[in-house]
Number of protein chains: 2
Amino acid sequence: MKLTILGCYSATPRHDTHPTAQVLEVAGHIFLIDCGEGTQVQLRRKKIRFSRIKHVFISHLHGDHYYGLVGLIGTFQLLGREAPLHIHGPKGLKDIILLQLKLGKSYTSYALHFHELETREPVLLFEDEKVTVMTIPLDHRIYTNGFLFREKPGLRKLTIDAIREANIDQAYFKKLQHGFDVVNEEGTLIKNESVTTGPPKPKSYAYCSDTAYFPQLVAQIKHATVLYHEATFLSKHEDLAQKTKHTTAKQAAEIAKQAEVGQLILGHYSTRYTDLGLFKEEAEVIFRSVLLAEDGKEFAF
Amino acid sequence: MKLTILGCYSATPRHDTHPTAQVLEVAGHIFLIDCGEGTQVQLRRKKIRFSRIKHVFISHLHGDHYYGLVGLIGTFQLLGREAPLHIHGPKGLKDIILLQLKLGKSYTSYALHFHELETREPVLLFEDEKVTVMTIPLDHRIYTNGFLFREKPGLRKLTIDAIREANIDQAYFKKLQHGFDVVNEEGTLIKNESVTTGPPKPKSYAYCSDTAYFPQLVAQIKHATVLYHEATFLSKHEDLAQKTKHTTAKQAAEIAKQAEVGQLILGHYSTRYTDLGLFKEEAEVIFRSVLLAEDGKEFAF
């Protein structure tokens, strides 16, 4: 998986701080996660091909997470896009977008599919043979979902020498790749593990923004490879975090620790802070492996 | 008057080209004219104090002219604005903004006043003792207005020596400033021009974007000090201009010539062109005084 941070600051866009948007590349997909104002410019800066974005996931309807979407839809149109675009987000998003297109007489010639969300249970948004995307219900001032991207287990790898020796017909290779035991030409049962090696462990990415400290989400993201968790405030502003239903760096680290994730990435910083190092310091007291999101930064895992 | 171009390109925002927005400073006001995506960042770059913007004028509901407005409204709120904001624009704009604020539960604590437009006749949008703002009906694919900003004539200046000599009582000074003749202490009629000098000629600024070539607007902008006229295309793409109801540089110059304006500023360039000098060259064949808008550029007049 490759994660590109297009913007990781809360609230107002500035010259050098962009509101939330990120791109996750996994299994041939380019998923756009949130789309604050100016996202299309950030996509261009990172040279991400617009036509490869087929799915957009919007966490909630605060402007810093979606005000860039309608402009992106318009730009796709101007660029002659033909591929359908799937937009997953809270109920109401469709009305917002279509009202603006209608009043601008700016209908798209490509298909726009809205998948609107209102349930507070995790739901499956996308699935193909390689990956699933589910919502992670969060606890914010308005209805909000995070998103959990999970690779499916890959195929087991055939150990060619062992297979020849065991005298297994080619017709059984697919079965072996899927982990089943097979019978060889002599009628003997061959244990799968004796002629294959396991696929690499499937990776997963959990995106949790925006949310108050919400331990209920831990079960769903347990053992995720990477967790991006909002940390709008430092602990010294915990009162503000509580009031605005955001998280402190320390609390984000608590979630990472409880969920035993591989790696924590912090983001969604309030623009009041100039030294992001303090977020890392605060979180590292609780959790061993903390990285800081920065606009334009890429993470491969 | 001082005009600051925040963005002067059509269609899609890019790293180095911003969609339409400009600020006109006149008679103590800071008027924001159009508000494409990213306008709030451009305002910060130009160090324009957000709190001084009390009126926003939106020409039409194509995204490159207003997608930045809802974000700006949200930022005003985050910054603790208290002053009311007046938004002048086509019918429908209020629904768009309020739907987004409602779904984000992001109501403003300052008053938002929408002044929605649907008439195709010029209407007065704002007036105080020093300035008026009127719509300029334009001809585009959707309902569109330009805006005409006009200083009112100032007060005449008293010639102190002449007034003393004419023996005029102080009680009449205001009358003199307003151009009236007065009677002196001896009962003699004193002609205004003999004891005052005229105020400087009032200035005016006409903003015309977006529009097809539309000579009907000439009468309304006659003798404007400065005309900003869209020139999306060069003449070699006149077919495109016609099809999309935009103007070529040559046609914009025709309007300037017919209206006998003092100065023409071109803008709203299609991003297909890399050499803006060609716009100036093309327009200067028709009209003597042509300037090119550029993002961030300021014009004083």
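A brief structural summary.

Calculation criteria
Residues numbered from 1 in each chain as written. Chains lettered and ligands numbered in written order. Predicted model: local features only at pLDDT ≥ 70, side-chain atom pairs only at ≥ 80, totals over all residues. Heavy atoms only, no water. Least-squares fit on C-alpha atoms with pLDDT ≥ 70 in both. Contact = heavy atoms within 4.5 Å. Pairing = 2+ DSSP bridges. Helix = DSSP H or I, 4+ residues; strand = E, 2+ residues; numbered from the N terminus. Axes fitted to C-alpha atoms, helices over the stretch in contact; angles between N-to-C directions. Parallel < 35°, antiparallel > 145°, perpendicular 65-115°, else oblique. Left-handed = near helix turned anticlockwise from the far one by under 90°. Nonpolar A, V, L, I, M, F, W, Y, C, P; charged D, E, K, R; others polar.

Considerations on the relation of the copies chain A and chain B
It takes a turn of 180° to lay chain A on chain B, together with a shift of 0.0 Å along the axis; the resulting RMSD is 0.0 Å. Both chain copies can therefore be described as sitting about a two-fold axis. In terms of C-alpha distance to the rotation axis, chain A has Gly38(A) as its closest residue, with the C-alpha 3.1 Å off the axis. When the interface residues of chain A are mapped onto chain B, 100% of them are again interface residues, pointing to one common binding face.

Examining the sheet that holds strand β2 (residues 21-26) of chain B
Each strand in a sheet pairs with its neighbour through backbone hydrogen bonds, running either in the same direction (parallel) or in the opposite one (antiparallel). All names here are of chain B. Read across the open sheet, the 7 strands follow the order β6-β5-β4-β3-β2-β1-β18; overall the sheet is mixed. In the strand order of this sheet, the two ends are held by β6 (112-117) and β18 (298-300), each with one partner. Across the sheet, the axes of successive neighbouring strands diverge by a mean angle of 20°, strand direction being ignored. As paired elements, β2 and strand β3 (residues 29-35) share 6 bridges and run antiparallel to each other. Residue pairing across strands places Gln22 opposite Ile33, the latter belonging to β3. Against the sheet, helix α2 (residues 69-78) makes contact with β3, β4 (53-57), β5 (85-90) and β6, and its axis sits at roughly 170° relative to β5, the strand it touches most.

Concerning the packing of helix α9 (residues 249-259) of chain A against helix α10 (residues 277-284) of chain A
Residues and elements named next belong to chain A. Direction vectors running N to C along α9 and α10 enclose 45°, while the axes themselves pass 8 Å from each other. When the axes of α9 and α10 are compared, the pair comes out oblique. Crossing angle aside, the handedness with which α9 passes α10 is right-handed. Touching Ala249, Lys250 and Ala253 of α9 are Phe279, Glu282 and Ala283, all from α10. For the contact of α9 with α10, the per-class residue count stands at 4 nonpolar, no polar and 2 charged.

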